[in-house]
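A structural walkthrough
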Amino acid sequence: MDWEVVIGLETHAQLATHSKIFSGASTAFGAAPNAQACAVDLALPGVLPVLNRAAVEHAIRFGLAAEGVVAPRSIFARKNYFYPDLPKGYQISQFETPVVSGGRIMIERNGSEIPIRLTRAHLEEDAGKSLHEDFHGLSGIDLNRAGTPLLEIVSEPDMRSAAEAVAYARELHRLVTWIGICDGNMQEGSFRCDANVSVRPKGQQAFGTRCEIKNLNSFRFMEKAIEFEIRRQIELIESGGTVVQETRLYDPDRDETRPMRSKEDAQDYRYFPDPDLLPLCIDAAWIARVRETLPELPDAMRRRFVEDFGLSHYDAGVLTASHDLAQYFRALMLVVPGEAKLCANWVSGELSAALHREGIEVRQSRITPTQLGGLLRRIQDGTISGKIAKEIFDVLWSDGGEADTLIESKGLKQISDVSALEKIVEELMAAHPDQVAEYRSGKEKVFGFFVGRAMKACGGRANPAQLNAILKDRLAG
Amino acid sequence: MALTENDLRHLARLARIRVEDDETGPMLAQLSGILGLIDQLQAVDTRGVEPLAHALDLEQRLRPDEVTETDRREQFQAVAPQVEAGLYLVPKVIE
């Protein structure tokens, strides 16, 4: 039987605010336990939540960037359940009227772009953390994370493979970091995904029974977890069993998913409007102001890189991996206009490799676009070869300075003087008569020997094309 | 709408309320009475009436995104039943 896979994703993006969604406690990561849990976060009697304007504004930014509808009026609701890291006994969330409805994220399928539709995005607060080890049979509770603002982004079940789910998650990650509403740090839990996975016979309209896989905290694990779950469900059905709707947890060490909650505890959250919070009203003027501050979005910039600069879709995708990287590329293009491919190669090659080696972000790069541009201009005008440029890049990276000064002081200028190159070639041929004879008897691979020796003789500074031409000419006799 | 004993047990479990066996009878009667009142409300034709999310006809006030709270962990934890290493301790929640 042929099976079709159906996947929908729920993503919790932690909103980049200084303070919590309903209190003035800090959201900074890594503080001592409970040092950032105030009376509101602890749910002490008599406290009231007051909504953070920046959290709302981030939600508006997302709604606009994903082309959803920002609700002029949305409602906060209580989602009731008992767990010690949720001191109120309910999570403040949105239920019937979320702040954003609809929208879409574009991904690639078979070489063309298709939209993955969004159901909604709503504001809610995060819970605290429970630590289950080392407390003499008790659990330890850290409420620093309690009340951290989240935007839960829910997709329609539009994805048809694990690879598509990962593509969607990557695009969503790129978008929320691009528009500056989330730092995207998956290790710190700033961007967390749950996947709803089901299978159905190809051609069938009705959905199969789905399982939810929780807490996929890296793109690699997401792909493996979904692939495992697809295999599990198909094998189960084909061997005569049925899929039970349940929540499963992915275990990366054993590469499998396991049931997390039994059906007996089936969720019944008894949502109702939170009487502590009034309706959230967002007027058209606010939306318009936010729209004005939105940067050019990755989709649009990628298309423009292809159309304006003649870059490949692949290069354009790499360069728009983050807003900062794209900005770097654009700044570089201002220094070396018309050399998009050269700039793209250096940004995605040497620069990215150097950043990766040091584990730093592009905004912390030790070479500015102006410095790198100065170097690329000398490749462009033939002053230096690409090989020498890489050496200069390393010096610029570690010691700073300017390409031109380095080329001058270290005598790295490419030798394009034909007579100088001819002299080197003649000396070489005189020193190696055997190899010359070999070449002339038809062993053409000896050519490489001469290229290597000639390059060595001039410290790699020969213009490769010129050198080849002279060698060919002379060796031919 | 009549409530069954199973409904009652389920609700009690969700609300973490212990209901003794001899309490279920009277409680079922009381809750069913409340549901009877709700049935009367449900009978009203509300087509075209916008659901009311809040009794006050006001908008949510927003606060600027500023950290205004300081670390008062010691004071908060002074009234907690059990703490260790800065954590609040509670009965173990997983086996």
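Residues numbered from 1 in each chain as written. Chains lettered and ligands numbered in written order. Predicted model: local features only at pLDDT ≥ 70, side-chain atom pairs only at ≥ 80, totals over all residues. Heavy atoms only, no water.

What follows is about the overall build of chain B. A count of helices and strands for chain B gives three helices and three strands. Taken from the N to the C terminus, the helices and strands of chain B come in the order α-α-β-α-β-β. Computed over its C-alpha atoms, the radius of gyration of chain B comes to 23 Å, more than 25% above the 12 Å expected for a compact globule of 95 residues. Structurally, chain B occupies a C-alpha span of about 55 × 45 × 25 Å along its principal axes. Looking at chain B residue by residue over its 95 residues, the buried ones come to 23%. Summed over its atoms, the accessible surface of chain B is roughly 7700 Å², and 55% of this surface lies on carbon and sulfur atoms. (Helix = DSSP H or I, 4+ residues; strand = E, 2+ residues; numbered from the N terminus. Rg over C-alpha atoms; globule rule 2.2 N^0.38 Å. Buried < 20%, exposed > 50% of the residue type's maximum accessible area, 1.4 Å probe, protein only. Areas by Shrake-Rupley, 256 points an atom, 1.4 Å probe, with all protein chains shown as cover.)

The secondary structure content of chain A amounts to 16 helices and 18 strands. Its C-alpha atoms give chain A a radius of gyration of 30 Å, more than 25% over the compact-globule value 23 Å for 477 residues. Each principal axis of the C-alpha atoms in chain A carries an extent, and together these give about 95 × 55 × 50 Å. In chain A, the proportion of contacts linking residues at least 24 apart, taken out of those at least 6 apart, comes to 68%. (Contact = heavy atoms within 4.5 Å.)

All right, on to the packing of helix α13 (residues 418-431) of chain A against helix α14 (residues 433-440) of chain A then. All names here are of chain A. Across the interface, α13 lies against α14 with an axial gap of 5 Å and an inter-helix angle of 95°. On the basis of their axis angle, the class for α13 and α14 is roughly perpendicular. Where α13 approaches α14, its residues M429, A430 and A431 are matched on the opposing element by P433, V436 and R440. (Axes fitted to C-alpha atoms, helices over the stretch in contact; angles between N-to-C directions. Parallel < 35°, antiparallel > 145°, perpendicular 65-115°, else oblique.)

Residue and element names in this part refer to chain A. Within the largest apolar cluster, 107 residues are counted, with the highest numbers of intra-cluster contacts made by F62 and L123. Per-domain counts for this core show at least three residues from each of domain 1 (3-286) and domain 2 (296-409). Setting aside residues no more than four positions away along its own chain, F62 makes contact with L118, A121, L151, I153, L172, L175, V176, I179 and I181. Counting residues in each nonpolar core, the second largest holds 19 residues, with V436, M455, A462 and L475 among its members. (Core = buried A, V, L, I, M, F, W, Y, C linked by side-chain atoms within 4.5 Å. Domains from an automatic or database assignment.)

Moving on: unusual backbone geometry. Outside of glycine, negative phi angles account for most residues, and trans bonds account for most peptide bonds. Residues and elements named next belong to chain A. The phi torsion at N34 lies on the positive side, around 65°, for a residue other than glycine. Residue position: N34 is located in the loop between β1 (3-14) and α1 (39-42). Classification of N34 by relative accessible area gives buried; the value is 1%. A positive phi is found at R270, a non-glycine position, where the angle reads about 45°.

What follows concerns the sheet that holds strand β6 (residues 90-93) of chain A. Residues and elements named next belong to chain A. Read across the open sheet, the three strands follow the order β6-β5-β17; overall the sheet is antiparallel. The sheet is open, and its two borders are formed by β6 and β17 (272-273), each paired with just one other strand. As judged from the four bridges shared by strand β5 (residues 77-80) and β6, these two strands associate in the antiparallel manner. Of the residues in β6, the one forming a bridge with A77 is S93. (Pairing = 2+ DSSP bridges.)

Between chain A and chain B, the residue contacts involve 54 residues of the former and 37 residues of the latter. Of all residues in chain A, the largest losses of buried area upon contact with chain B belong to F82, L138 and L278 of chain A, amounting jointly to 15% of the total for that side. Our count for the chain A to chain B interface comes out at 22 residue pairs in polar contact (both at pLDDT 80 or more). Of all the secondary structure elements, the ones that give two or more residues to the side of chain A that touches chain B are α1, β2 (51-52), α2 (53-65), β11 (138-142) and β18 (280-281) of chain A. (Buried area = accessible area lost by both parts, 1.4 Å probe. Polar contact = N/O pair within 3.5 Å; in protein donor to acceptor, adjacent residues only side chain to side chain.)

What follows deals with the confidence of the model for chain B. All names here are of chain B. Here chain B averages 91 in pLDDT, while 97% of its residues score no lower than 70. When pLDDT is averaged over each element of chain B, strand β1 (residues 62-63) comes out on top at 98 and helix α1 (residues 5-14) at the bottom at 90. For this predicted complex, the interface confidence reaches an ipTM of 0.89, while the overall pTM sits at 0.83. (pLDDT = per-residue confidence, 0-100.)

Next up on the list: a nonpolar patch on the surface. On the surface, I34, I38 and L41 of chain B cluster together to form a nonpolar patch covering roughly 290 Å² of accessible area. By secondary structure assignment, the location of I34 of chain B is in helix α2 (residues 21-42). (Patch = residues over 30% accessible without salt bridge, like charges linked within 9 Å, V, L, I, M, F, W, Y side chains within 5 Å. Salt bridge = Lys/Arg side-chain N within 4 Å of Asp/Glu carboxyl O.)

For the rest of this paragraph, the subject is the domain arrangement of chain A. Residues and elements named next belong to chain A. Partitioning chain A into structural domains gives domain 1 (3-286), domain 2 (296-409) and domain 3 (418-475). If you average the C-alpha positions of domain 1 and of domain 2, the two centres end up 36 Å apart. Across the contact, nine residues belong to domain 1 and 13 residues belong to domain 2. Both sides together, the interface formed by domain 1 and domain 2 hides about 840 Å², and carbon and sulfur atoms give 54% of it. Connecting domain 1 to domain 2 are two salt bridges. The salt bridge partner of R303 is E113, with a shortest N-O separation of 4.0 Å. Elements with a minimum of two residues in the side of domain 1 that touches domain 2: β8 (104-109) and α3 (162-178).

Residues and elements named next belong to chain A. For the pair α2 and helix α5 (residues 284-293), interaxial distance at closest approach is 10 Å and the crossing angle is 70°. With respect to α5, the element α2 is oriented roughly perpendicular. Here α2 and α5 pass one another in a crossing that is right-handed. On the side of α2, the interface is formed by R53, V56, E57, I60, R61 and L64, while α5 contributes W286, I287, V290, R291 and T293. (Left-handed = near helix turned anticlockwise from the far one by under 90°.)

Attention now goes to the pairing of strand β14 (residues 211-216) of chain A. All names here are of chain A. Counting buried positions over the six residues of β14 gives five, a clear majority of the element. In this structure, strand β13 (residues 191-201) lies alongside β14, joined through four bridges in antiparallel fashion. Bridging from a neighbouring strand, C193 pairs with L216 of β14. Two strands pair when backbone bridges link them, and β14 and strand β15 (residues 247-251) are joined in this way by three bridges, in the parallel orientation. Across the sheet, residue E212 finds its bridge partner in β15, namely T247. As a crossover connection, the stretch from β14 through helix α4 (residues 219-238) into β15 is left-handed. (Right-handed = clockwise from strand over helix to strand, strands pointing away.)

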